[in-house]
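One letter stands for each residue in the lines below.
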Amino acid sequence: MSTRKFKPLQELEHREVNLFLENLTLNKQINKEDDSHHLIYSENDCWVVSNSRIDNREELLNLLSLQVNDHLSDNALLLKMYHEYGNEFVKKIEGDWTLAIWNQAKQELLIARDQLGISALYYRLTDEYMAFSTYIKGLIEIDSHSIKIDEVYLAGIMTAWNTQSNNTAFVNIQYLPPAHYGLVKNGEFTLHRYWIAENTPELHLESEMDYVKQFSDVLEQSVKNRIRHAKNLGSQLSSGFDSSTITTVAAEIFKKDKKRLTAFTSIPKEKTSDYFPEHTATDESYLSIPTAQFLGNVDHIIVQSENQSIIKNIYDSLELHHAPLHAAGNMFWIHQIYLDAQSKDIDTMLIGQSGNTTLSWTGYPEGLQIKRLIKRILGYKGKEKFSPTSYLQYLIAEIKNKLNSNRLPSWDSYSFISNQFAQDLDLIQKMKETGHDPTFSNSIHNKKGHINFINPLFSKIGALWQDLAYHYHISTYDPSTDKRLVEYCISVPNQYYQRHNTNKWLLKTAMKGRLLGNLIHQKKKGRQATDLAIRIQSEASEFQELLKSFRSNKAIQYYLDCQKMETCLERILENPRKKEAYNDSIFLTRGISCALFIQKYDKRLYKK
């Protein structure tokens, strides 16, 4: 729980997509509920505003001893729950939602959000006001001159470090974490966590097939909840288990009503498989096409993003998300999918972003993990095997690096953060304080590791997808973040994820006969944007000019190693089809995203 004091002023103002609180009273002009959007609802001297999809309406109505009534708006239902159960009513709400409730009698404001959904709620506290909004832009525009950049957040993006906080890219704007509510009372703001995923008890059923049956039921319900209002449904379909499973379940549900859905698969604009390892699926249509055909009621769209500009896309993404992006190099194909979906009048989009923490969770090795230790000693890294010679070279380099007092920082191979900025920030110490390992070699292979991977405390994935949904007017949902599904997957004993010598046993057994056999038995791992380096080459002059312009910006020079970025670009342009070019292009686009963000706000950022 955290506390922050502030002094409220005299009115609440409604501005398009955000609510701005200047006093804990509501302007009479907006007290009446908007019949078309149900934006604000009032009852018993309390007001509620929400953006919600409530999945357990019938259950809530039963708790309130009310008859099922389709005319009762979600806001009315939420406010009745609040009156009945107080602030803790949020524990009982399931779905994708954000809300705010003002209690006139108690002079109290509650803001809250769902457990892990596609949603976001931001707030800004000063000595003069509190403001909250589902979109960060509204909070920036309230007083853009006082905006300050959070350097730790910026360093986190630069180095792929999850800072384990609810900070945003701006010091004075916070992100309400999943499963939290904030309470404003007596001039103080306190933050409360109401759902603790890690407290989920282990589930013990009579037989292994009982686990499969319950998994199937929870999965189907999580998809059904998210498509019940869809008129034109879309899904993002790759060659992986998560998107294929979600698309399959949605197609099965739609088939019962003789309805179709549209699946979108991003592929490179030219062949890239010749410079990737054999176990990498560079063109995921090799499984997505037969999956769509197998399902029968799926219209399949191949997305090659031929007309997307990488640089323009990075600019556009900054304008949309108001933060530099970790996966800036992926945004071009994501935006193209939404553009294509718009042209098909898609109103609801399904994704499987978090499925590898739930649907296709692999479990973790038990016992002494001798096999893993031997592989590590012999030089295995993932599926890459070292030869004796290269392994010896690797060991020598590691020993030299550890003996060298001037050795390069662990992030040197994947980040363009400048040494001066990292030193001034005391970055190594700050990473240690959050338990971050910049070498990414010490993952925790147990239940704690599973919880950390789900990240139910600080996950910000939902915010990115909410921005896209808002921008393209397409409701976007991820069934793999469903609260009951998450709890179920945490509760399943580890042995049911690795069983009968089968990886992902629970999912594969549940989807047997429903997913393609080739997909269930596949050993390849899909990758998106495998032609990113080639696309950078096609925009070579634009990239060169952009990086050249960074030299004249003192702020960018302070925070980023611009010479290193230029060297990286030269490597990519020299041969975009070599193995290293893919990672170089990912790191470069991330660095450019950071540089352009710094450029936009440099007057509020640079330390002179």
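What you are looking at is a predicted structure, and each value in this text was computed from that prediction instead of being measured.

So, how was this worked out
Residues numbered from 1 in each chain as written. Predicted model: local features only at pLDDT ≥ 70, side-chain atom pairs only at ≥ 80, totals over all residues. Heavy atoms only, no water. Phe/Tyr/Trp six-rings, centres within 6.5 Å; stacked < 30°, edge-to-face > 60°. Helix = DSSP H or I, 4+ residues; strand = E, 2+ residues; numbered from the N terminus. Buried < 20%, exposed > 50% of the residue type's maximum accessible area, 1.4 Å probe, protein only. Pairing = 2+ DSSP bridges. Core = buried A, V, L, I, M, F, W, Y, C linked by side-chain atoms within 4.5 Å. Contact = heavy atoms within 4.5 Å. Axes fitted to C-alpha atoms, helices over the stretch in contact; angles between N-to-C directions. Parallel < 35°, antiparallel > 145°, perpendicular 65-115°, else oblique. Nonpolar A, V, L, I, M, F, W, Y, C, P; charged D, E, K, R; others polar. Salt bridge = Lys/Arg side-chain N within 4 Å of Asp/Glu carboxyl O.

Participant: Provide a residue-level description of the packing of aromatic side chains, including the pertinent values.
Facilitator: The final tally for this structure, using the stated rule, is 21 aromatic pairs. When the centroid spacing of 5.3 Å and the interplanar angle of 25° are considered together, the rings of Tyr-338 and Tyr-472 count as stacked. Of this pair, Tyr-338 sits in helix H9 (residues 331–343) while Tyr-472 sits in helix H15 (residues 461–472), and the two are 134 residues apart along the sequence. Judged by its relative accessible area of 0%, Tyr-338 is buried. Centroid distance Trp-361 to Phe-453: 6.0 Å. Interplanar angle 55°. Geometry classified as tilted. Of this pair, Trp-361 sits in the loop between strand S17 (348–350) and helix H10 (370–378) while Phe-453 sits in helix H14 (residues 447–454), and the two are 92 residues apart along the sequence.

Participant: Quick one: what's the story with the pairing of strand S11 (residues 180–185), residue by residue and with numbers?
Facilitator: With five of six residues buried, S11 lies mostly within the body of the structure. Strand direction decides the pairing type here: strand S7 (residues 108–113) and S11, joined by five bridges, are antiparallel. When the sheet's bridge partners are listed, Glu-108 is paired in S11 with Lys-185. As paired elements, S11 and strand S12 (residues 188–193) share six bridges and run antiparallel to each other. What sits directly across from Leu-183, in S12, is Thr-190.

Participant: Break down the nonpolar core for me, with residues and values.
Facilitator: What tends to happen in soluble globular proteins is that the nonpolar side chains get buried as a cluster. In terms of nonpolar packing, the biggest core is built from 86 residues, with Met-158, Phe-170, Leu-427, Phe-550, Leu-560, Leu-588 and Ile-592 touching the most fellow members. Dropping the residues within four chain positions of it, Phe-170 is found in contact with Ile-136, Ile-140, Ile-147, Lys-148, Ile-149, Asp-150, His-322, Phe-597 and Tyr-601. In terms of nonpolar packing, the next biggest core, distinct from the first, is built from 43 residues, Ala-250, Val-298, Leu-485 and Leu-506 among them.

Participant: Outline the packing of helix H8 (residues 310–321) against H9, listing residues and values.
Facilitator: Between two packed helices, both the angle of their axes relative to each other and the distance between the axes serve to describe the pair. For the pair H8 and H9, the least separation of the axes is 9 Å and the interaxial angle reads 75°. By the criterion of interaxial angle, the relationship of H8 to H9 is roughly perpendicular. Contacts between H8 and H9 pair Ile-310, Asn-313, Ser-317, Leu-320 and His-321 from the former with Met-331, Phe-332 and His-335 from the latter. Grouping the constituent residues of the contact of H8 with H9 by class yields four nonpolar, four polar and no charged.

Participant: So what's going on with the sheet that holds strand S14 (residues 261–266)? Which residues, and what values?
Facilitator: An order of S16-S14-S13-S17-S18 is seen for the five strands of this open sheet, with the pairing classed as parallel. Whereas interior strands pair on both sides, the edge strands pair on one side only; in this sheet they are strand S16 (298–303) and strand S18 (475–477). Along the sheet, successive strands turn relative to each other by an average axial angle of 25°, direction set aside. As paired strands, strand S13 (residues 233–236) and S14 are joined by three bridges and run parallel to one another. Within S14, the position partnered with Gly-234 by the bridge is Thr-262. Sheet strands in contact with helix H5 (residues 208–227) are S13, S17 and S18, and its direction is about 155° off that of S17.

Participant: Describe in detail the side chain of Thr-245, supporting the description with residues and values.
Facilitator: Residue placement: Thr-245 occurs in helix H6 (residues 241–256). The buried category is assigned to Thr-245, whose relative accessible area is 0%.

Participant: Please provide a residue-by-residue account of the pattern of salt bridges, values included.
Facilitator: Using the criterion set out here, one finds 30 salt bridges in the structure. Across the pair Arg-484 and Glu-59 runs a salt bridge, and its minimum N-O distance is 2.7 Å. With Arg-484 in helix H16 (residues 483–491) and Glu-59 in helix H1 (residues 57–63), this pair connects stretches of sequence that are 425 residues apart. What makes Arg-484 partly exposed here is its relative accessible area of 38%.

Participant: I'd like a rundown of unusual backbone geometry, residues and numbers included.
Facilitator: The phi angle at Lys-258 is positive, at roughly 55°, despite the residue not being glycine. The class of Lys-258 is exposed, set by a relative accessible area of 79%. Despite not being glycine, Lys-504 has its phi angle at roughly 55°, a positive value. Residue Lys-504 is classed as buried on the basis of its relative accessible area, which comes to 16%.

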